[in-house]
4 protein chains.
Amino acid sequence: MLILMKPDVPREDVEQVKEKIQSLGFRSHEIPGAQRIAIGITGNKGRVDPDLFKSMSGVLDAVPVSKPFKLVSREVKHEDTVVRVGADNIGGRMLTVIAGPCSVESRDQILEIASMLREMGVKFLRGGAFKPRSSPYAFQGLKADGLEFLREAAEKTGMHIVTEVKDTETLSLVAEYADVLQLGARNMYNFSLLEKIGETNKPVLLKRGFSATVEELLMAAEYIVARGNYNVILCERGIRTFETYTRNTLDLNAVPLVKKLSHLPILVDPSHGTGSWELVPPMAQAAVAAGADGLIIEVHPDPEKALSDGFQSLRPDTFRRLMDRLQELAPMMGKSLSLDTSVVTT
Amino acid sequence: MLILMKPDVPREDVEQVKEKIQSLGFRSHEIPGAQRIAIGITGNKGRVDPDLFKSMSGVLDAVPVSKPFKLVSREVKHEDTVVRVGADNIGGRMLTVIAGPCSVESRDQILEIASMLREMGVKFLRGGAFKPRSSPYAFQGLKADGLEFLREAAEKTGMHIVTEVKDTETLSLVAEYADVLQLGARNMYNFSLLEKIGETNKPVLLKRGFSATVEELLMAAEYIVARGNYNVILCERGIRTFETYTRNTLDLNAVPLVKKLSHLPILVDPSHGTGSWELVPPMAQAAVAAGADGLIIEVHPDPEKALSDGFQSLRPDTFRRLMDRLQELAPMMGKSLSLDTSVVTT
Amino acid sequence: MLILMKPDVPREDVEQVKEKIQSLGFRSHEIPGAQRIAIGITGNKGRVDPDLFKSMSGVLDAVPVSKPFKLVSREVKHEDTVVRVGADNIGGRMLTVIAGPCSVESRDQILEIASMLREMGVKFLRGGAFKPRSSPYAFQGLKADGLEFLREAAEKTGMHIVTEVKDTETLSLVAEYADVLQLGARNMYNFSLLEKIGETNKPVLLKRGFSATVEELLMAAEYIVARGNYNVILCERGIRTFETYTRNTLDLNAVPLVKKLSHLPILVDPSHGTGSWELVPPMAQAAVAAGADGLIIEVHPDPEKALSDGFQSLRPDTFRRLMDRLQELAPMMGKSLSLDTSVVTT
Amino acid sequence: MLILMKPDVPREDVEQVKEKIQSLGFRSHEIPGAQRIAIGITGNKGRVDPDLFKSMSGVLDAVPVSKPFKLVSREVKHEDTVVRVGADNIGGRMLTVIAGPCSVESRDQILEIASMLREMGVKFLRGGAFKPRSSPYAFQGLKADGLEFLREAAEKTGMHIVTEVKDTETLSLVAEYADVLQLGARNMYNFSLLEKIGETNKPVLLKRGFSATVEELLMAAEYIVARGNYNVILCERGIRTFETYTRNTLDLNAVPLVKKLSHLPILVDPSHGTGSWELVPPMAQAAVAAGADGLIIEVHPDPEKALSDGFQSLRPDTFRRLMDRLQELAPMMGKSLSLDTSVVTT
């Protein structure tokens, strides 16, 4: 159920509606918009009668929401959500590029890549410190050391750090170092972790599970938002199909679909999504042309030597040519490529 | 196995290689290129010894081809294949748009749509006369009458006709009326039909089966080309996955993948690929940005009244806006949108 | 729509209902049952008004059928269909075993296998003469010669021949030699071939397409039955999923599902369904325990030397042990294993 | 790498091999077998040279293990693992039945069901207290209260409790009440939880993720075993495919495949696997005939009123008939149905 308030109603009308909701045993969620305020009702105490609200002062309408997701729904909030990270925005008219290696492998490696990317204007640095891996014997990341190296890179370059949080145990540690928490595909159904992230106010890049429907992705976002954290950025990263030439099948249909169903921004990860560096530039362009709010791309100065996923990493020169392409493409989509080409003195 | 000839060798060197191949019980396929001639060897008589050819006059090299497809492989022919339809080209630097209704429903309907599309510059008219349907009780098309109406539309507008061929029985009839034969997704594994089409010289739009891998699509093309018909245009039209919000999952990864593996042109069908008209414009743009050679799009003046697939058809005004977008996007991809905006007097 | 007649009505009541149906522009299908006659109405002229029939003499009820398939539906005919092949039955209380090599490779090979299987009591011999193959360069079968060898094997052993029909062109040839036509997975959507088979009266083993839903399988059967051929035996043979350890994922859920939805018999092909001979015996047992009416199993005296699919063929001794197992299992499922252990003198 | 010791070697030979492994920076895992001891080597420090061990006293051979999973592999331990729960065994010659409602809904409900199942001889009671749900607004279980009710049911009936652990936070609480921890499909990739469970000694029922390959399931088990907990029971519960008639596609191929690849026991959950109570009995029988070590089945006295998943729960009488069937089927598979029909006085 969603209560739509009339434009410019006095604050006390809003408060009365919220009190009414609580008195019925539900939770209220105020959703501010440019034109009017909406109030979402959540809770598992059964159906609410819309008539209880329609007659209240300042209420325009009380509408049952037909989708299983509510707070993340475009029905509830028409305007695009813009997530603020430091002085930068993700979503809206921005086309954001997040780049970096799959894993932080050493202090030197991450500082070198960060400085190289920063020179190209990239503002968001990715790099895994805690790596969930299918095999217990595979490299699991540099952990706390990796976070330190990322923070040092951030301080040297002014970049924002995007890094994965793997479990509730390390959430507060990772949140201390990261500007944007990344929640990996394998954790999209980890509801306890979603809830815990919902209790922070950190921006979170929520990756679609590789066999999750778009509806399930939105439900996972709903878990976070329902706890009060609206800073959710969705991310399409490829689904599992019968096709074997590509590691995953990057599902760009998810981009216009999410745009239709939800107000949250959506990025695309063509590196994991295809698993092959040769497919990254064309699919990155395609993602932008489909309406994505940005890209997260693996870049490595020496892909052959990467400790994980080297075959899907772009070399710096290929990445630079892609940025030139996107510079041209972004305005056609009504977007501005979020690169900072001002000189940095460190 | 593939025999690469040296540049500018005398014709008799080529003929001697071909005779050798035949004397060994195999078939030879001459593949002309801008720089040199290559000769493919096919047949199921086991492996051929490369040394039998390496010492022959005019032969540069004899290379085993590692992929199961040969004649359609980029290894065999490096340059893009361009398929000629009347005075127009599909592939190469052209961005082709094929548009029209799912089915020919009446003479008036197809003439009206054709004239409307022709005014917008569209050169290729689609429309099904023979419709393969899951249910024996569903509308199966106007059949021979539908072909007559399409031909009349072609004569009135100068457009090329793209229409589906459903079986070997009606192949010669359809081939008489069509400029481009369309082979539907359900027939991609119909090897007898592929062979029969291979024996004509008609351009054919070969749609990927909805559960076919890219390799299987290329093998289906190989069936046609192996019989001598090189006028094959591939088409991605959505695959079957677990996602239920979209009718199919349009797999744009297939576009750069096909471009890497094969010299054949590839179009994209976002109408069947998504099954939802709202997703058609963004996915059409994405297809072009991924490197597709063109699009096949369902357009209907009155989608609600269409006898089949109305929900995935664009209205004329939405289609026109998409063409404007593509006009802008094509040059960025090194392509020229194939629209003819000259005045037509009929 | 389905017209249910009262028990024991005079023949003229039935005829009057059928005339009425035809006068409305539809086709009538008489469906005899043990207790009463039902009459199915098919055609694509829109909805029929049940009241037009309810008042007619001898009519018990006129019920709209809710599924897209009608004539094959359990709603329309409650009793299990039993397909007669010579003196043998498939379906009902019979557990049928069809065995033999993937392909007929030579006269000696098929005669040897047939005689060996016949000694074990097997009554149905499989073997492909026309083989649809993904590659145009792969072995396509011995064709007409293969059919001759199969027929000779049949005459020597008294076995029934099950062999694949690949296209409409060779249908009448194959139908001359085969006791049961096999329609392969790749042809399940070949509606023209389904219709042509529907016009014969031959028993047909209709294999599920590897990405076909159970509903689509039943619709394919409906194509055949709608043309008058009720001798349809369904076959589950594995679907395409993300799992890569097995060639296909044998979907045994299809067995109880088909039993619930349809009156047609259903067999299971664990050889293609798993693609690995080691999985064949356990999955064959599982198929029977799930309620299948029989099995089609690849057996080869020397799997390593098979021209196709050797890795999924059972050796004779493994097959024999499986038969012993099924002999024990069949009665538990209310079935009798259809083996003929009488002595054959040829 | 796996070190195979000769039969009956002195203990000090074993210890010396283990010391050598540790000195190289790896972990050693002693794997006792009926005939001989094997020692697994794990760690991510690169490849080990087999020759370092082959010359050591008591060593029969040092073999590289070809699969990505090691400790759970049949190559490493040939004999079936039998997991002990109280006085009962899971695996080996036992056919185990775990039954109960999807969720614990109230004290009365669970006591009633437990007593009913106990009378039928069932020894393992399932019931969810912590329920991971796609929607944050759905019923999430009775939590700690639910555990209390389960424990009371266990004490009254002598049954073992199988209940889901949802996250690391509640692991120690759940482990206090449960006899077997259930790890749900959505948590199969939750590596932190797998590791924590690996540090307990509790038997764990590890469910296959609905889009996990069999190899990934075995890797998840490897995570647990690598930490020292060998009490792992695998569970097939249906995978996500294109088929829409069934909620999931129960993949029985996984049963013989796991039996071939691993020594761990595997159960099957036909309730979630099909999502439809009508398919549960045939698929339960099929699972046993495919070689499963047991079943986990939802039973509810009043399915219509269940708070979750009622449509897939068996009524008590249907469950009882299934048990009768399995009683007959088990011996054919060399198993003994683990029911205790002794009288209970509480």
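Residues numbered from 1 in each chain as written. Chains lettered and ligands numbered in written order. Predicted model: local features only at pLDDT ≥ 70, side-chain atom pairs only at ≥ 80, totals over all residues.

## Digging into the overall build of chain A
Thinking step 1. A tally of regular secondary structure across chain A gives 11 helices and 15 strands.
Thinking step 2. Each principal axis of the C-alpha atoms in chain A carries an extent, and together these give about 65 × 45 × 45 Å.
Thinking step 3. A total of 346 residues make up chain A; the buried ones form 55% of that total.
Thinking step 4. By sequence separation, contacts in chain A at least 24 residues apart represent 67% of the contacts at least 6 residues apart. (Helix = DSSP H or I, 4+ residues; strand = E, 2+ residues; numbered from the N terminus. Buried ≥ 20, exposed ≤ 12 C-beta atoms within 10 Å, placed from the backbone. Contact = placed C-beta atoms within 7 Å.)

## Quick look at the interface of chain A and chain B
Thinking step 1. Taken together, the contact between chain A and chain B spans 34 residues of the former and 34 residues of the latter.
Thinking step 2. At six residues, helix H10 (residues 280-289) of chain A tops the list of elements feeding residues into the side of chain A that touches chain B.
Thinking step 3. Partitioning the side of chain A that touches chain B into residue classes produces 18 nonpolar, 10 polar and six charged. (Nonpolar A, V, L, I, M, F, W, Y, C, P; charged D, E, K, R; others polar.)

## Brief notes about the confidence of the model for chain A
Thinking step 1. Confidence along chain A averages 91 in pLDDT terms, with 95% of residues attaining 70 or more.
Thinking step 2. This prediction of the complex comes with two scores: 0.88 for pTM and 0.86 for ipTM. (pLDDT = per-residue confidence, 0-100.)

## A short note on the nonpolar core
Thinking step 1. The biggest cluster of nonpolar side chains holds 216 residues, and the ones touching the most others in it are C:Ala221, C:Ile233, C:Ala287, D:Leu206, D:Ala221, D:Ile233 and D:Ala287.
Thinking step 2. Excluding residues that lie within four positions of it along the chain, C:Ile233 makes contacts with C:Val83, C:Ile90, C:Pro203, C:Val204, C:Leu205, C:Leu206, C:Leu264, C:Pro265 and C:Leu267.
Thinking step 3. Counting residues in each nonpolar core, the second largest holds 213 residues, with A:Val17, A:Leu142, A:Val165 and B:Ile37 among its members. (Core = buried A, V, L, I, M, F, W, Y, C linked by C-beta atoms within 7 Å.)

## A word on the relation of the copies chain A and chain B
Thinking step 1. With an axial shift of 0.0 Å and an RMSD of 0.1 Å, the rotation relating chain A to chain B amounts to 180°. These values place the two chain copies in the arrangement generated by a two-fold rotation axis. Scanning chain A for the C-alpha nearest the rotation axis identifies A:Ala286, at a separation of 2.0 Å.
Thinking step 2. A high fraction, 100%, of the interface residues of chain A reappear at the interface in chain B, so the copies pair face to face through one surface. (Least-squares fit on C-alpha atoms with pLDDT ≥ 70 in both.)

## A closer look at helix H3 (residues 107-119) of chain B
Residue and element names in this part refer to chain B.
Thinking step 1. Helix length check: H3 (13 residues) gives 18 Å between terminal C-alpha atoms against 18 Å at 1.5 Å per residue, within 8%.
Thinking step 2. Taken together, the buried positions of H3 are occupied by Gln109, Ile110, Ile113, Ala114 and Leu117. Around the axis of H3, the buried residues are gathered within 120° of arc, so they sit on the same side.
Thinking step 3. Remark: Gly121 follows H3 within two positions and exhibits a positive phi of approximately 100°. (Expected span 1.5 Å × (residues − 1). Arc of directions from axis to C-beta.)

## Re the pairing of strand S7 (residues 94-100) of chain D
Residue and element names in this part refer to chain D.
Thinking step 1. Along S7, six of the seven residues are buried, which leaves the element largely enclosed by surrounding structure.
Thinking step 2. When S7 meets strand S8 (residues 124-126), the two strands line up parallel, connected through two bridges. Bridge assignment links Ala99 to a residue of S8, and that residue is Leu125.
Thinking step 3. In this fold, the crossover linking S7 to S8 by way of helix H3 (residues 107-119) has right-handed handedness. (Pairing = 2+ DSSP bridges. Right-handed = clockwise from strand over helix to strand, strands pointing away.)

## Regarding helix H7 (residues 214-226) of chain A
Every α-helical turn comprises 3.6 residues, leaving residues that sit three or four positions apart pointing alike.
All names here are of chain A.
Thinking step 1. Between the first and last C-alpha of H7 there are 18 Å, a value that for 13 residues agrees with the 18 Å anticipated at 1.5 Å per step.
Thinking step 2. Among the 13 residues in H7, 11 count as buried, and that is most of the element.
Thinking step 3. Restricting attention to buried positions, one finds in H7 the residues Val214, Leu217, Leu218, Met219, Ala220, Ala221, Glu222, Tyr223, Ile224, Val225 and Ala226.
Thinking step 4. Residues of H7 that are buried make contact with strand S3 (37-42), helix H6 (191-198), strand S11 (204-207), strand S12 (232-236) and helix H8 (254-261).

## With respect to the pairing of strand S3 (residues 37-42) of chain D
All names here are of chain D.
Thinking step 1. Burial of S3 is extensive: five of the six residues sit out of reach of the surface.
Thinking step 2. Across three bridges, the pairing between strand S1 (residues 2-5) and S3 is antiparallel. In the sheet register, Ile3 faces S3, and the bridge partner there is Ile39.

## Some thoughts on the packing of helix H10 (residues 280-289) of chain C against helix H11 (residues 316-332) of chain C
Residues and elements named next belong to chain C.
Thinking step 1. For the pair H10 and H11, interaxial distance at closest approach is 10 Å and the crossing angle is 20°. Judged by the angle between their axes, H10 and H11 are roughly parallel. The two elements H10 and H11 meet at a crossing, and its hand is right-handed. Residues Pro281, Ala284, Gln285, Val288 and Ala289 of H10 form the contact with H11, whose own contacting residues are Thr318, Leu322, Arg325, Leu326, Leu329 and Ala330.
Thinking step 2. For the contact of H10 with H11, a count of residues per class yields eight nonpolar, two polar and one charged. (Axes fitted to C-alpha atoms, helices over the stretch in contact; angles between N-to-C directions. Parallel < 35°, antiparallel > 145°, perpendicular 65-115°, else oblique. Left-handed = near helix turned anticlockwise from the far one by under 90°.)

## Concerning the environment of A:Ile113
Residues and elements named next belong to chain A.
Thinking step 1. Inspection of the secondary structure puts Ile113 in helix H3 (residues 107-119).
Thinking step 2. When the C-alpha positions of Ile113 and Val299 are compared, they lie 8.1 Å apart, and in sequence the two are 186 residues distant.
Thinking step 3. Those residues in contact with Ile113 that sit more than four places away from it in its chain are Gly100, Pro101, Val299 and Pro301.

## As for the domain arrangement of chain A
Thinking step 1. Examined at the domain level, chain A breaks down into domain 1 (2-63) and domain 2 (83-337).
Thinking step 2. Look at where the C-alpha atoms of domain 1 of chain A and domain 2 of chain A centre, and you get two points 35 Å apart. (Domains from an automatic or database assignment.)

## Quick notes on the environment of B:Ser271
Residue and element names in this part refer to chain B.
Thinking step 1. With respect to the helices and strands, Ser271 occurs in helix H9 (residues 270-274).
Thinking step 2. Judged by local crowding, Ser271 falls into the buried class, with 30 C-beta atoms found within 10 Å.
Thinking step 3. Contacts of Ser271, omitting those with residues within four sequence positions, involve Val280, Ile297, Glu298, Gln312 and Ser313.

## Details of the environment of B:Ser134
Thinking step 1. For B:Ser134, the position within the fold is in the loop between strand S8 (124-126) and helix H4 (144-157).
Thinking step 2. According to the C-beta neighbour criterion, B:Ser134 is partly exposed, with 19 such atoms within 10 Å.
Thinking step 3. The spatial distance from the C-alpha of B:Ser134 to the C-alpha of B:Met120 is 34 Å, given a sequence separation of 14 residues.
Thinking step 4. The contact partners of B:Ser134, leaving out residues within four places of it in the chain, are C:Glu216 and C:Met219.

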